[in-house]
Amino acid sequence: IQAECVFDLSTYKEDNNRAINNNIASIHPAVDIMKPGFVLHAGVNPTWSNGEFYLLPDIVNESHLVRKKLILSSGWISYFEKNSYRNLANKNPFLAGLPGEMPNTRVEEKYTGIKGTLGSHFNYNTKFASVTWYDMPLFVNDSADTKVFTTRNEAMLRAFQLHAEVGYIEEEKFQARVSFDWYNYNRQETEVQPWHLPAFQGDLFAQYTIAKKLHLNADLFALSGSYYLLPNKDFDKTKGAWDLNAGASYDIGKNFGIWVNTNNLFN
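Residues numbered from 1 in each chain as written. Predicted model: local features only at pLDDT ≥ 70, side-chain atom pairs only at ≥ 80, totals over all residues. Heavy atoms only, no water.

### A closer look at the overall build of the chain
Counting its regular elements, the chain contains one helix and 16 strands. C-alpha extents for the chain along the principal axes are approximately 55 × 50 × 40 Å. Taking all 267 residues of the chain together, 32% fall into the buried category. Counted over contacts in the chain with a minimum sequence separation of 6, partners at least 24 positions apart contribute 49%. Looking at the chain as shown, the accessible area adds up to about 16,600 Å², and 57% of this sits on carbon and sulfur atoms. Where the 25 positive side-chain charges of the chain centre and where its 29 negative ones centre are 5 Å apart. (Helix = DSSP H or I, 4+ residues; strand = E, 2+ residues; numbered from the N terminus. Buried < 20%, exposed > 50% of the residue type's maximum accessible area, 1.4 Å probe, protein only. Contact = heavy atoms within 4.5 Å. Areas by Shrake-Rupley, 256 points an atom, 1.4 Å probe, with all protein chains shown as cover. Lys, Arg positive; Asp, Glu negative; His and termini not counted. Charge placed at Lys NZ, Arg CZ, Asp CG, Glu CD.)

Take a look at the structure:
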């Protein structure tokens, strides 16, 4: 039996304008039942977001169909993503200021999937989910100044999500992981399209160690196109994109090391 309290308080103030407070408080009571080959986490999350009360589900189960090799994972969870200026600017650095008092995003996920290991080197994880975002911020390119984006509030956005990843580990010498997320955005209430949300995101990561001291790594990303708004209120879709990060590090003794990273190689 466990419980925790969370308080997340923040304030935004620009020039001489009125300060905007954004506060979330929640209590997380839960019961964990753990047996060989079976785990159940059952709880609820009473949450207050800027004075509004929500009772959120927090239920996760893992059942081993084949010990460690085939695990059925399912859950029904809900949580808040705070729409503070810092969080929004992390999502979109070209944000044109905070759009007033914007509600926080409530996310609800219902999912199931399988995960486990294959042999002594491979591991995998899959998930199929129904995801709903309430009060989802969408970024729309400003027709007056195309270098910045304004923020619009989507009252409700729904999607089916498919997540899959496969990893390979060979002791401390080599590791690789390929993963992707595919979203089928099938319903939105406020906006015509889910602006600037790519339907597909993929990632290929690899790291190779030479003589236990020199570590080489590379990260390849792929994004599908996303919808954007035209000045005439029509819309179009961007092209997909690839990008690559690469780096190396070298251990000098136990306490020192040198490293170099090169990011955004494909611009």
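Back to the write-up after that little detour.
### Thoughts on the pattern of salt bridges
Taken as a whole, this structure holds eight salt bridges when the rule is applied. When the shortest N-O distance is used, the salt bridge between Lys 115 and Glu 62 registers 2.6 Å. On the criterion of sequence distance, the pair formed by Lys 115 in strand β7 (residues 105-118) and Glu 62 in strand β5 (residues 52-66) is long-range, its members being 53 residues apart. Glu 81 is the partner of Lys 91 in a salt bridge, and the nearest nitrogen-oxygen pair spans 3.7 Å. On the criterion of sequence distance, the pair formed by Lys 91 in helix α1 (residues 85-91) and Glu 81 in strand β6 (residues 70-81) is long-range, its members being 10 residues apart. The exposure class of Glu 81 is partly exposed, given its relative accessible area of 28%. (Salt bridge = Lys/Arg side-chain N within 4 Å of Asp/Glu carboxyl O.)

### Here's the deal with the pairing of strand β16 (residues 256-262)
Strand direction decides the pairing type here: strand β15 (residues 241-252) and β16, joined by seven bridges, are antiparallel. Paired with Ser 249 across the strands is Trp 259, a residue of β16. Following β15, the chain reverses through three residues before pairing antiparallel with β16; Gly 253 in that reversal takes a positive phi of roughly 70°. (Pairing = 2+ DSSP bridges.)

### Side note on the packing of aromatic side chains
This structure, assessed with the given rule, holds 13 aromatic pairs. Grouping aromatic residues by their ring pairs yields a cluster made of Phe 122, Tyr 168, Phe 174 and Tyr 208. In this structure, Arg 106 packs its charged tip against the face of Tyr 134, placed 4.2 Å from the ring centre. Over the face of the ring belonging to Tyr 111 we find Lys 127, whose NZ or CZ atom lies 5.3 Å from the ring centre. (Phe/Tyr/Trp six-rings, centres within 6.5 Å; stacked < 30°, edge-to-face > 60°. Lys NZ or Arg CZ within 6 Å of the ring centre and 35° of its normal.)

### Regarding the nonpolar core
Judged by nonpolar contacts, the single largest core of 16 residues is most densely connected at Trp 133, Met 136, Leu 157, Tyr 185 and Leu 197. Those elements that provide at least two residues to this core are β7, β8 (122-141), β9 (149-170) and β10 (174-188). The element best represented in this core is β8, accounting for six residues. Contact partners of Leu 157, with chain neighbours within four places excluded, come to Val 131, Thr 132, Trp 133, Met 136, Tyr 185, Arg 187, Gln 188, Pro 194 and Leu 197. Of all hydrophobic cores here, the second largest spans seven residues; its members include Ile 20, Leu 95, Leu 98 and Phe 149. (Core = buried A, V, L, I, M, F, W, Y, C linked by side-chain atoms within 4.5 Å.)

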